[in-house]
Amino acid sequence: MTLLSVQNLSIALPAGADRSHAVSNVNFDIEENQIVCLVGESGSGKSMIAHAILGLLPPGIAVDGGALMFGATDLAHLTPAERRNVRGDKISMIFQEPLTALNPLKRVGEQVAEAIRTHQGAMPAREVTAKVVELFQQVGLPDPERLRLSYPFQLSGGQRQRVMIAMALCNNPKLLIADEPTTALDVTTQRQILDLIKGLQKTHNMGVLFITHDIGVVADIADKVVVLQKGDIVESGSADAVLMQPEKAYTRMLLDAVPGKGAFRQAGEPRPPVLEVRGLQKKFVTRQGLFAKPRETVAARDVSCQLAPGDTLAVVGESGSGKSTLARILLRLVEPDAGEILWHGKSVRQMKGRELRDFRRRAQIVFQDPYSSLDPRLKVGESIIRGPIAFGVGRVEAKKLAEKWLERVGLGPQAFDRFPHEFSGGQRQRICIARALTLRPEILIADEAVSALDVSIQAQVLDLLNDLKTEMGLAMIFITHDLRVAREIADRVLVMRKGEIEEERPTEELFENPRSDYTKRLLEAVPGRAFFAARAAPA
Amino acid sequence: MNDSIRTFLRQPSGLLGLAILFLVCLAAALAPILYPGSPWDMVGAPLQPPGTAGSLLGTDTMGRDIASGILHGASVSLMIGIASTIAALAVGVTLGAIAGYAGGMVDRLIVRFIEIFQTIPNFVLAILLVAILTPSISTIILAIGLVSWPPLARLTRVQVQSIAAREFVQAARCQGLGSMSILLRHVIPNAISPIIVTGSMTVASAILIEAALSFMGLGDPNYMSWGYMIGAGRTVIRMAWWASLFPGLAILLTAVAINLIGEALNDALNPRISRS
Amino acid sequence: MSLAAIFSRVAGIVITIFVIATINFVLVRAAPGDPAAVIAGQSGATDEKFLAQVRAEYGLDQPYVVQLGAYLGKVATLDLGYSYRLRRPVKDLIAERLGPTLLLTLSAFLISLLGGVVFGALAGVRHGKISDLAISLLALILYATPVFWFGLMLVLLFSIKLEWLPAFGYVDMRAGSFGPFAYALDVLKHLCLPALTLGAIYMAMYARLMRASVIEVAAEDYIKTARAKGLTEGAILRGHMLRNASLPVITFAGLQVGAMIGGAVVVETVFSWPGLGRLIFDAVTSRDYPVLLGLFLVMSILVIAVNLLTDLIHRLVDPRLAVR
């Protein structure tokens, strides 16, 4: 039976937005006991649809056509009181970032209890508590009696999302809306939450509307898929049909753009390393007060590795593994506590003044966030030429150089006189690459450089980096949380966990035959792994 | 920048603030022409109500003209407000920028120093300073500057810290730029707009502190001041409300105008609002 | 709060007090003229014998370091010096004036915090409506009003024109014959205007902050969660917005305590309230420096004490602080 029928839905954006409608004429149904995945890149309007169902659209954005039929009621036209009756009762919702989605000042058990009390009327306090404990058990939270008295900041990201799920389930909803519920989580946690949602959906006979940008996640859990692009439905249908035999080019592109499916890269002949790291140690100490015991976080414990010219080393790890700190230590943006960094056999840690500047010039970095890695007040060209000028290149010469590199990264020299805010995320990342390469480095460190990008853009930037690497004979260190990206670009992979190296091997060996349990778990957690393996296999 | 000016000019409250402030400046400029004599001179009988005996706003206990006092007081208020804010900015921005950019031990020391200064009841310290160093324009500016810098230092520190953590600053370091040029070319320009806003509001609070000091009898005895006039009118409020009402209104209008400008500046320089 | 944290807190307070005492010391030495004359005030500046006595007592012929050490030692033993003008120890002068000041500042503090939170929340929730505009405008004006003038205008309105409330003093002159209840009531009547004067200015400040904070909190994800739970707007405001939105207000109020005590000085002057502020005014007028210096120190300690109080409130409201 149809649970929710989205009929000709249009959502209007305020005047001055980049388009008039977030989505227009969207049609799809959610059946009982079915997981429908709404998949699309950023700006596709997928989240807007989810918010429209519960009337949670931000101010200025409103449904201006069509209907959201939930049984006999049209959710798009409810009074505030009617809407409140539906929210959290028949339909509930979980969000992307569980830390901000929970009130930081209230105990988590109380936040769930509040949802129960709102819809169950006068229920005795003891029963409410019992229900909370039962729910916490159901979503797999440890020690529910104790944990319900905790505050959100005391829980891990995965636990917070479990609390959100418990809150969503407390009134046995018919429909659960999940808006990118695993995007902010580490890959192993993502796997657990996906399994949990799928399991609960079955036991509760719920309909689930699952919003995601990751087609791997879709492959893992969807019964039905709706592909969105810029506010329009590209295609929809059963998961098998859409994923295995996509009809539309856009869907095929989404599937093909997922990294890490082709042949493995092979490491080149062993050569003397450009960069060698020995026994690196780093602890971060946060002081709490004059006499309080400081808190310590280990970012690197005895980390050693080598990088040869022309090699790409991927450093993979979950949040808190110390992978980004490693990148910053290598560039001496962060000083290590102990250990040695050798550049062509010379100690980087002992470099000063001119020598250090020379090293910095030869080792460049591209950062994760394309929005904070360019000075918003400077024209793009100005940001780029400051480097060469600092090394004594004349202004005219530097400008020529910058224009050449802007051309090479696919933006054209006219980008020189424009400001960062005029560019998209992918374009900005290209600018950052141009900025790094203008200094003719020998080592390029990419710190999650494609993580903030949509898959289609991600694929393009990865290709660009690859071409440039070959062209310039760069040695590259690629920091990423995404094993698929590592597989796509690296010759060797180094897996880090809590500041320690779990294992470091050539890519093929690591993927085909992982040694450490942790690596195995990481690999198993990659979304859509089975699907892509099946898809790649010759039919 | 042009965008910011346009956003500023689109706000009626900011324009109103500018207009009032312009009038205050005009009053200060016209004082020697409209009332060429000293504002301390007796012009008529004491405690004359407004509109009588040729005095627009009445006279005080000594027969001095209130209107003349207000016009002559304008320049003193503005001058002290602006000068002490510049002093506070010089100290606050320097300390805050050093703390935010250097981090570590230097940061902890400066933060401690700021905290101590924020604990001190600042008006009492100002009283103490002016009283001990004897009241004059320069000691008043010194005292107000010395008690007004901590919030500016705090703000600058937080701003610099947040900008310095941005990736474009790290990128600049990798590009081979020196610390000083990163601080001056990347960090400060991006951190400056909230500091400008708070700085402009500091002028208003400095004017209020100056008024309170002269109300307490700690004004420069050579210059007529609004606060002094209210203080002098306090004892005769039952007989002559005008002696304290009008100078107070002058302070109020000036401070409101500056705050209005500050708020409009905030909206104009804060990209989050001006973009939408 | 761990033992170490308490210890470091106490150490911080001691350091602060000694820095303030040092400022006192430096101020007297920085004053133009003979420090002995500064300490003696205008009372006996011409009497050479008397100045010699002061010099000996304060060890003014010793090196600065020794003098500073001696002064800090005195502060540590709560010896705040002697007012040669009033011929009494500064400590006693301050002790008898402390009560009224505490009464005034604490009432003003509560009025401003409660009023600020309530009006600010109201304006924030009605963002853009008439009531928001009215509250915001009033707050803008009050924020720019000189405290002492505002007090005078209240006197003009409520005491002189309407004759509702007493304009000056702490208690009626005939209060000696009042019973304890009538006495308290009379003090309360006298307290109204000064507390309102001092409270209103800060209320305006907190209301502005609270308004901005409520608007910001309203855009938080957990408010969306609360809405998705089916809570009414009223329940969302009470259960999720108020506490979160008042956090920055409490922090700010803690920072403003110093300024508020400074404000009490002028308010007490306006209303002839027999507290520390009034004592400052008298000491300024007669250039009685030992009293001024002692007052500065005591008022700073008062600020530290109220800061501890706001810290405690903060910890009650925000569980994240209590654990750390």
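Everything quoted here is computed from the prediction, not taken from an experiment. (Residues numbered from 1 in each chain as written. Chains lettered and ligands numbered in written order. Predicted model: local features only at pLDDT ≥ 70, side-chain atom pairs only at ≥ 80, totals over all residues. Heavy atoms only, no water.)

Quick notes on the overall build of chain B
Our working rule: The helix and strand labels rest on DSSP assignments: H or I over at least four residues marks a helix, E over at least two residues marks a strand, and numbering proceeds from the N terminus. Any residue under 20% of the maximum accessible area for its type is buried, any over 50% is exposed, and the rest in between are partly exposed; the area is computed with a 1.4 Å probe on protein chains only. Only heavy atoms matter for contacts: two residues are in contact if any of them lie within 4.5 Å across the pair. Here the Shrake-Rupley method, with its probe set to 1.4 Å, supplies the accessible areas, and only the displayed protein chains count as covering residues. Charge assignment in this entry is limited to Lys and Arg as positive and Asp and Glu as negative, and neither His nor the chain termini are counted. The atoms used to mark charge sites are NZ of Lys, CZ of Arg, CG of Asp and CD of Glu.
Broken down by element type, chain B carries 11 helices and 0 strands. The buried share among the 276 residues of chain B stands at 57%. By sequence separation, contacts in chain B at least 24 residues apart represent 72% of the contacts at least 6 residues apart. Summed over its atoms, the accessible surface of chain B is roughly 11,100 Å², and 69% of this surface lies on carbon and sulfur atoms. Across chain B, the centroid of the 14 positively charged side chains sits 12 Å from that of the 11 negatively charged ones.

Remarks on the interface of chain A and chain B
Where interface size is quoted, it is often the accessible area lost as the parts come together. This is how the line gets drawn: Once two parts are put together, the accessible area they lose, assessed with a 1.4 Å probe and summed over both, is termed the buried area. Here, a salt bridge means any side-chain nitrogen of Lys or Arg that lies within 4 Å of a carboxyl oxygen of Asp or Glu.
Contacts between the two partners involve 28 residues from chain A and, on the opposite side, 16 residues from chain B. Interface area for chain A against chain B, summed over the two sides, is near 1,900 Å², with a carbon-plus-sulfur share of 50%. Its largest share of buried area at the contact with chain B, chain A owes to Leu333(A), Arg377(A) and Arg386(A), together 30% of the area lost on that side. Remark: the boundary between chain A and chain B carries 1 salt bridge. Note that Arg328(A) is salt-bridged to Glu167(B), the shortest N-O span being 3.7 Å.

Thoughts on the interface of chain B and chain C
Put simply, the test is: Pairing of N or O atoms within 3.5 Å defines a polar contact, subject to two protein rules: one partner must be a possible hydrogen donor and the other a possible acceptor, and residues neighboring in sequence count only if both atoms are side-chain atoms. Note on residue classes: Ala, Val, Leu, Ile, Met, Phe, Trp, Tyr, Cys and Pro are nonpolar, Asp, Glu, Lys and Arg are charged, and everything else, Gly too, is polar.
At the interface, 41 residues of chain B touch 49 residues of chain C. For chain B, the biggest contributors to the area lost against chain C are Ile132(B), Met216(B) and Arg234(B); these three give 16% of the whole. The tally of links between chain B and chain C comes to 1 salt bridge. Counting across the interface, chain B meets chain C through 4 residue pairs in polar contact (both at pLDDT 80 or more). At the level of secondary structure, the elements contributing two or more residues to the side of chain B that touches chain C comprise α4 (104-119), α5 (122-132), α8 (179-215), α9 (226-234) and α10 (242-269) of chain B. The biggest single contributor to the side of chain B that touches chain C is α10(B), with 11 residues. Partitioning the side of chain B that touches chain C into residue classes produces 30 nonpolar, 6 polar and 5 charged.

Thoughts on the UniProt feature "domain: ABC transporter" (unreviewed entry) in chain A
Convention followed: UniProt positions are given in the numbering used here, feature names are shortened, and annotations may be inferred rather than shown by experiment.
As annotated in UniProt, the feature "domain: ABC transporter" (unreviewed entry) corresponds to residues 4-255 and 285-523 of chain A in the numbering used here. Taken as a whole, residues 4-255 of chain A contains 40% helix and 25% strand, while its terminal C-alpha atoms sit 27 Å from one another.

Some details on the nonpolar core
Inclusion rule: Throughout, nonpolar core names a set of buried Ala, Val, Leu, Ile, Met, Phe, Trp, Tyr and Cys residues whose side chains join them through atoms within 4.5 Å.
Membership of the largest hydrophobic core comes to 164 residues, with the highest contact counts inside it found for Phe123(B), Leu125(B), Ile127(B), Leu213(B), Phe148(C), Leu198(C) and Ile280(C). Broken down by element, this core gets its largest block of residues, 15 residues, from helix α10 (residues 233-271) of chain C. Beyond its immediate sequence surroundings of up to four residues, Phe123(B) is in contact with Ile209(B), Ala212(B), Leu213(B), Met216(B), Gly262(C), Val265(C) and Val266(C).

Structural notes on unusual backbone geometry
Residues and elements named next belong to chain A. Within the chain, Lys230 stands out as a residue other than glycine whose phi angle is a positive 45°. Residue placement: Lys230 occurs in the loop between β9 (224-229) and β10 (232-238). Look at Lys230 and you get exposed, because its relative accessible area is 60%. Positive phi values are uncommon outside glycine, yet Arg332 reaches one of about 60°. Within the element layout of this structure, Arg332 appears in the loop between α12 (323-330) and β14 (338-343).

Considerations on the UniProt feature "transmembrane region" (unreviewed entry) in chain B
All names here are of chain B. The positions UniProt marks with the feature "transmembrane region" (unreviewed entry) are residues 12-35, 78-102, 123-149, 191-218 and 239-261. Secondary structure content for residues 123-149 is 85% helix and 0% strand, and the end C-alpha separation is 13 Å. Helix makes up 87% of residues 239-261 and strand 0%. Its end C-alpha atoms lie 37 Å apart.

Points about the sheet that holds strand β17 (residues 443-447) of chain A
Residue and element names in this part refer to chain A. Put simply, the rule reads: Here, a strand pair is defined by DSSP locating no fewer than two bridges between the strands. Lines fitted to the C-alpha atoms define the axes, with helices restricted to the stretch that makes contact. Angles between their N-to-C directions range from 0 to 180 degrees.
One open sheet holds the 6 strands; their spatial order is β16-β17-β18-β13-β19-β20, and the pairing between them is mixed. Strands with a single pairing partner mark the edges of an open sheet, and in this sheet they are β16 (363-366) and β20 (500-506). Strand-to-strand twist of the sheet, defined as the mean angle between neighbouring strand axes without regard to direction, takes the value 15°. Sheet contacts for helix α13 (residues 353-362): β16 and β17; angle to β16, the most-contacted strand, approximately 50°. Packed on one face of the sheet, helix α17 (residues 455-472) meets β13 (312-316), β17 and β18 (475-480) and runs near 155° to β18.

Here we look at the UniProt feature "domain: ABC transmembrane type-1" (unreviewed entry) in chain B
The positions that UniProt labels "domain: ABC transmembrane type-1" (unreviewed entry) are, in the present scheme, residues 74-262 of chain B. Within residues 74-262 of chain B, the helical portion is 84% and the strand portion 0%, while the C-alpha atoms at the span's ends are 20 Å from each other.

Structural notes on the domain arrangement of chain A
Note the threshold: Annotation comment: domain bounds sourced from an automatic or database domain assignment.
For chain A, the domain assignment lists domain 1 (2-90 + 173-257), domain 2 (102-171) and domain 3 (309-335 + 347-536). Domain 2 of chain A and domain 3 of chain A are separated by 41 Å when their C-alpha centres are compared.

Examining the sheet that holds β10(A)
All names here are of chain A. Read across the sheet, 6 strands follow the order β6-β7-β8-β3-β9-β10 without closing on themselves; strand pairing throughout is mixed. Only two strands of the sheet have a single partner each, and these edge strands are β6 (91-94) and β10. Put simply, the sheet's adjacent strands are angled 15° from each other on average, direction ignored. Looking at chain direction, β9 and β10 are connected through 6 bridges and run antiparallel.

Details of the packing of helix α3 (residues 66-102) of chain B against helix α6 (residues 137-164) of chain B
For any two helices packed against each other, the geometry is given by the interaxial angle and the distance between the axes. Residue and element names in this part refer to chain B. How we decide: A crossing counts as left-handed when the near helix is turned anticlockwise from the far one by less than a right angle, and as right-handed when that turn is clockwise.
Packing of α3 against α6 leaves a shortest axis separation of 5 Å and a crossing angle of 35°. As for the relative orientation of α3 and α6, their crossing is right-handed in sense. Taken together, the residues of the contact of α3 with α6 break down into 22 nonpolar, 8 polar and 1 charged.

Some words on the packing of helix α2 (residues 12-34) of chain B against α10(B)
Residues and elements named next belong to chain B. Put simply, the test is: Note on angle classes: values under 35 degrees are labelled roughly parallel, values over 145 roughly antiparallel, values of 65 to 115 roughly perpendicular, and the remainder oblique.
Interaxial distance between α2 and α10 falls to 8 Å at its minimum, and their mutual angle equals 140°. By the criterion of interaxial angle, the relationship of α2 to α10 is oblique. Considering only the axes of α2 and α10, their crossing is left-handed. Here Ser13, Gly14, Leu16, Gly17, Leu18, Ile20, Leu21 and Val24 of α2 come into contact with α10, specifically with Leu253, Thr254, Ala257, Ile258, Leu260, Ile261 and Ala264. Class assignment for the residues of the contact of α2 with α10 results in 11 nonpolar, 4 polar and no charged.

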